[in-house]
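Summary of the model geometry
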Amino acid sequence: GLADSDAAAETGGAAGMGVDAGGSDGGTLPDCNRVTGQTIITVAADGSGQFLTVQAAVNSISAGSTAPTQIRIAPGTYKEKLTVTNRRFMTFCGKDAMTTILTYDDNATSAGGTTAGASTNISASDFSAENITFENSTPLGGSQAVALLTSGAHMQFRNCRFISYQDTLYVRGASQYFRNCYIAGSVDFIFGDGTAAFDNCTIYNASGGVSVTAPSTEQNTPYGLVFFGGSLTAASSVKAGSVALARPWGAYGSATYLKTALGAHINPVGWVPMGTNDLTNARFSEYKSSGAGANPSGRATPSQQLTDAQAAQFTLSNVFGTWTPSYSQ
């Protein structure tokens, strides 16, 4: 269900993002570690699995494969620059996101571009991940540092953590679903032209920044970044009223927050321009925001406070069409 706010990580840092963390599911959802009836490949840094690295496990699956395959990753920190392409129905399965960490320290400066700097780049469709941390370990102030770049269709993530400062999560094209996830950054740390739904996620400003999100949704794409419940939280060092909900990286950028709890760090105007993109064509809206950062009467025009009828149009079936993420069930 599209649960309301969960403040598990209100205190910041990596609070409460284990297997059954955050959200109203109470641990009743099936966990990837209990899945049977498909190929299981094991990865462990200590040599107790079939592979030492996640990339080697991915590469062991033949290109073009559509056979459901699960890569079970033992607890550990895996420093590798990962690329997943041209294999469908693959799952990354960890035991606990707090202890299963995929990380690298490239960034836009070191790699020659934001996309090239991504720690993990997944363009495979029908991809799932559960109980994993995707991290870019570039320090604060060290350029755009993407932890995860997604560009496949029908991608889903549950009980995952996405950790960086600038440009943490880059959603491109197609369709992505995030449930009970924790996303930390400083500026524009959820961005791109993807259609992405965030169900009961905690979005944490680890330091100050202009804006939480920077959508570049195409003009003819009806839905961009959609937040169902969840909360926007911040480190105590982040000044009150200093961070916008979104700014338009593309002129028609789309971002919607539905029943999201907003911390005091959220800018009272809500939405700000970006470069030459003002708010004229951007599609920015809220519905029943709560918390210290909610300010329905003071938001920048022409953003919208949705009516009940308008908010009712924001369903997963409208956002994603014929695809129903299994993690949403």
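Residues numbered from 1 in each chain as written. Predicted model: local features only at pLDDT ≥ 70, side-chain atom pairs only at ≥ 80, totals over all residues. Heavy atoms only, no water.

**Side note on the overall build of the protein chain**
Helix and strand counts for the protein chain come out as four helices and 26 strands. The C-alpha radius of gyration of the protein chain comes to 19 Å, within 12% of the 20 Å expected for a compact globule of 329 residues. Taking the principal axes of the C-alpha coordinates as reference, the protein chain spans close to 55 × 40 × 35 Å. When each of the 329 residues of the protein chain is scored for burial, the buried share is 56%. In the protein chain, of all internal contacts separated by at least 6 residues, the share reaching a separation of at least 24 is 66%. Within the structure as shown, the protein chain displays about 12200 Å² of accessible surface, and the carbon and sulfur contribution to it stands at 51%. (Helix = DSSP H or I, 4+ residues; strand = E, 2+ residues; numbered from the N terminus. Rg over C-alpha atoms; globule rule 2.2 N^0.38 Å. Buried < 20%, exposed > 50% of the residue type's maximum accessible area, 1.4 Å probe, protein only. Contact = heavy atoms within 4.5 Å. Areas by Shrake-Rupley, 256 points an atom, 1.4 Å probe, with all protein chains shown as cover.)

**Quick notes on the state of the cysteines**
Enumeration over the complete set of coordinates arrives at one disulfide. Note that cysteine 32 is cross-linked by a disulfide to cysteine 93, the S-S spacing being 2.1 Å. Every disulfide takes its handedness from the sign of the S-S torsion; for cysteine 32 and cysteine 93 that torsion is 80°, giving right-handed. In this pair, cysteine 32 sits in the segment before strand E1 (39–43) while cysteine 93 sits in strand E5 (residues 90–94), placing the two residues 61 residues apart along the sequence. Judged by relative accessible area, cysteine 32 falls into the buried class, the value being 3%. Here cysteine 160 is not disulfide-linked; the sulfur of cysteine 181 is the nearest cysteine sulfur, at 5.0 Å. With a relative accessible area of 0%, cysteine 160 lands in the buried category. Cysteine 201 takes part in no disulfide bond, and the closest cysteine sulfur to it belongs to cysteine 181, at a distance of 4.7 Å. We classify cysteine 201 as buried; its relative accessible area is 3%. (Disulfide = S-S within 2.5 Å.)

**Focus on the nonpolar core**
Membership of the largest hydrophobic core comes to 58 residues, with the highest contact counts inside it found for Ile71, Phe92, Phe134, Phe157, Phe162, Phe178 and Phe198. Filtering out sequence-adjacent residues up to four positions away, phenylalanine 134 remains in contact with Phe92, Leu102, Thr120, Ala129, Ala147, Leu148, Phe157, Cys160, Arg161, Phe162 and Ile163. Among the nonpolar cores identified, the runner-up in size contains 15 residues, and Tyr177, Tyr223, Phe314 and Leu316 belong to it. (Core = buried A, V, L, I, M, F, W, Y, C linked by side-chain atoms within 4.5 Å.)

**Structural notes on the pairing of strand E20 (residues 225–228)**
Going residue by residue along E20, you find Leu225 and Phe227 tucked away on one face and Val226 and Phe228 tucked away on the opposite face as well. Both strand E17 (residues 195–199) and E20 contribute to a ladder of four bridges, which runs parallel. Considered in E20, the bridge of alanine 196 is made with leucine 225. Taken together, the four bridges between E20 and strand E23 (residues 254–258) define a ladder with parallel strand orientation. By the bridge assignment, phenylalanine 227 is partnered in E23 with tyrosine 257. (Pairing = 2+ DSSP bridges.)

**Re the sheet that holds strand E10 (residues 148–150)**
Taken together, seven strands build an open sheet; the order of strands is E4-E7-E10-E13-E16-E19-E22 and the sheet is parallel. Single-partner strands in this sheet number two, and they are strand E4 (82–84) and strand E22 (244–246). Strand-to-strand, the axes of this sheet are offset by a mean angle of 15°, without reference to chain direction. Examined bridge by bridge, strand E13 (residues 169–171) and strand E16 (residues 190–192) share two bridges and lie parallel to one another. Directly across from tyrosine 170, in E16, lies its bridge partner phenylalanine 191. (Axes fitted to C-alpha atoms, helices over the stretch in contact; angles between N-to-C directions.)

**Observations regarding the sheet that holds strand E24 (residues 261–262)**
The eight strands lie next to each other as E3-E6-E9-E12-E15-E18-E21-E24, forming an open sheet whose pairing is parallel. Each edge of the open sheet is held by one strand with a lone partner, namely strand E3 (76–79) and E24.

**Comments concerning unusual backbone geometry**
Both trends apply: most residues other than glycine have a negative phi, and most peptide bonds are in trans. In this model, threonine 301 is joined to proline 302 through a cis peptide bond whose omega is 5°. Topologically, proline 302 is positioned in the loop between strand E25 (283–287) and strand E26 (304–305). Phi at aspartate 167 takes a positive value of approximately 60°, unusual for a residue other than glycine. Its identity is not glycine, yet lysine 288 carries a phi of approximately 50°, on the positive side. One can find lysine 288 in the loop between E25 and E26.

**Some words on the pattern of salt bridges**
What the rule picks out here adds up to six salt bridges. A salt bridge links aspartate 105 to lysine 79, with the nearest nitrogen and oxygen atoms 3.2 Å apart. Here aspartate 105 is found in the loop between strand E6 (100–104) and helix H2 (108–111), whereas its partner lysine 79 is found in strand E3, with 26 residues between them in sequence. For aspartate 105, a relative accessible area of 34% gives the class partly exposed. Here arginine 247 makes a salt bridge to aspartate 188, at a shortest N to O gap of 2.8 Å. Remark: aspartate 188 occurs in the loop between strand E15 (182–185) and E16 and arginine 247 occurs in the loop between E22 and E23; sequence separation between them is 59 residues. You'll find arginine 247 and aspartate 188 in the same group, each marked buried. (Salt bridge = Lys/Arg side-chain N within 4 Å of Asp/Glu carboxyl O.)

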